[in-house]
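Fold and geometry: a report
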Amino acid sequence: AQKITQTQPGMFVQEKEAVTLDCTYDTSDQSYGLFWYKQPSSGEMIFLIYQGSYDEQNATEGRYSLNFQKARKSANLVISASQLGDSAMYFCAMRENSGGSNYKLTFGKGTLLTVNP
Amino acid sequence: EAGVTQFPSHSVIEKGQTVTLRCDPISGHDNLYWYRRVMGKEIKFLLHFVKESKQDESGMPNNRFLAERTGGTYSTLKVQPAELEDSGVYFCASSQARVGVLDFGPGTRLLVL
């Protein structure tokens, strides 16, 4: 069974500083995908970044980067130069690619990030 | 391009009543998913449609939940009769490809009293 662990229920960061949100995963699949979503107070889920298990380079999207350490089964999200608008809940998720018809995501419990001015 | 929309945004009902949630995916997205987040817990998969066919409904909690996607466009999720533990946020998501990024809707917040 898959499992996503986000050990930080809440995190605080000063505006303009960088912050790392932790995510570890557990899977027996060789092929899988890792996602980060942001959920601001308005409720919508916003896709941030994706990392495939076979991707050799860490994914980056603007101020977001994914620190993928396959041997450690970790996929930490790094937000550089934090902005007040980054305050939100952040979810790590994994999709198994083991074939068949199952492409559902498994989510962690989330980390609530607060950016202080 | 319009995103995934869900209706209603909030619903408050009494135990035993029926509620129907609606999801309109992004146009052209064959894959439609329902997820649910119960207070304090993880977001959990409910089911997956490919066009009008149920591809995977392994996450549906019990037979009080019925999902449909007639014509392969919008989808409805009916809870009948609702129980207290059904309270939570119900998310719909869609994707063009099976392995594509999921675009989520804003969610429907359901409260069963």
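On a predicted model such as this, the values are computed, not experimentally measured, just so you know. (Residues numbered from 1 in each chain as written. Chains lettered and ligands numbered in written order. Predicted model: local features only at pLDDT ≥ 70, side-chain atom pairs only at ≥ 80, totals over all residues. Heavy atoms only, no water.)

This brings us to the interface of chain B and chain A. In many reports, interface size means the accessible area that the parts give up when they come together. Of the residues lining the interface, 21 residues belong to chain B; the matching set on chain A comes to 20 residues. Regarding the contact of chain B and chain A, the summed buried area is about 1,700 Å², with carbon and sulfur atoms giving 60% of it. Together, Glu-42, Ile-43 and Phe-104 of chain B form the three largest contributors to the area buried by chain B at its contact with chain A, with a combined 27%. Connecting chain B to chain A are zero salt bridges. The interface formed by chain B and chain A includes four residue pairs in polar contact (both at pLDDT 80 or more). The set of elements that each furnish at least two residues to the side of chain B that touches chain A consists of strand 4 (31-37), strand 5 (43-50) and strand 6 (53-56) of chain B. (Contact = heavy atoms within 4.5 Å. Buried area = accessible area lost by both parts, 1.4 Å probe. Salt bridge = Lys/Arg side-chain N within 4 Å of Asp/Glu carboxyl O. Polar contact = N/O pair within 3.5 Å; in protein donor to acceptor, adjacent residues only side chain to side chain. Helix = DSSP H or I, 4+ residues; strand = E, 2+ residues; numbered from the N terminus.)

Residues and elements named next belong to chain A. By the secondary structure assignment, Thr-27 is in the loop between strand 4 (24-26) and strand 5 (32-39). According to the relative accessible area criterion, Thr-27 is buried, its value standing at 9%. Here Asp-29 takes part through its backbone nitrogen, which lies 3.1 Å from a polar atom of the side chain of Thr-27. (Buried < 20%, exposed > 50% of the residue type's maximum accessible area, 1.4 Å probe, protein only.)

Before going further, it helps to spend a moment on the pattern of salt bridges. Residues and elements named next belong to chain B. For the coordinates displayed, the defined rule picks out seven salt bridges over all chains. Salt-bridge contacts for Glu-83 lead to Lys-15; the nearest nitrogen and oxygen are separated by 4.0 Å. One end of the pair, Glu-83, is in the loop between strand 8 (75-79) and strand 9 (88-95); the other, Lys-15, is in the loop between strand 2 (10-13) and strand 3 (19-24), with 68 residues separating them in the sequence. Judged by its relative accessible area of 52%, Lys-15 falls in the exposed class. Across the pair Asp-24 and Arg-22 runs a salt bridge, and its minimum N-O distance is 2.7 Å. One continuous salt-bridge network, built from bridges that share partners, spans Arg-36, Arg-64 and Asp-86.

Before going further, it helps to spend a moment on the packing of aromatic side chains. The description of an aromatic ring pair rests on the distance of the ring centres and on the angle between the ring planes. Going through the model one piece at a time under the given rule, you end up with 15 aromatic pairs over all chains. Measuring from ring centre to ring centre gives 6.2 Å for Tyr-37 of chain A and Phe-107 of chain A, while their planes differ by 50°; the resulting arrangement is tilted. Placement of the pair is Tyr-37 of chain A in strand 5 and Phe-107 of chain A in strand 11 (residues 105-107), with a sequence separation of 70 residues. For Tyr-37 of chain A, a relative accessible area of 0% translates into the label buried. Ring geometry for Tyr-35 of chain B and Phe-45 of chain B: centres 5.8 Å apart, planes at 75°, overall edge-to-face. One end of the pair, Tyr-35 of chain B, is in strand 4; the other, Phe-45 of chain B, is in strand 5, and 10 residues separate them in sequence. A single burial state applies to Tyr-35 of chain B and to Phe-45 of chain B, both of which are buried. Ring pairs connect the aromatic residues Phe-35, Tyr-37, Phe-47, Tyr-50, Phe-91 and Phe-107 of chain A together with Tyr-33, Tyr-35, Phe-45, Phe-91 and Phe-104 of chain B, which therefore count as one cluster. Over the aromatic face of Tyr-74 of chain B sits the side chain of Arg-22 of chain B, whose NZ or CZ is 3.8 Å from the ring centroid. (Phe/Tyr/Trp six-rings, centres within 6.5 Å; stacked < 30°, edge-to-face > 60°. Lys NZ or Arg CZ within 6 Å of the ring centre and 35° of its normal.)

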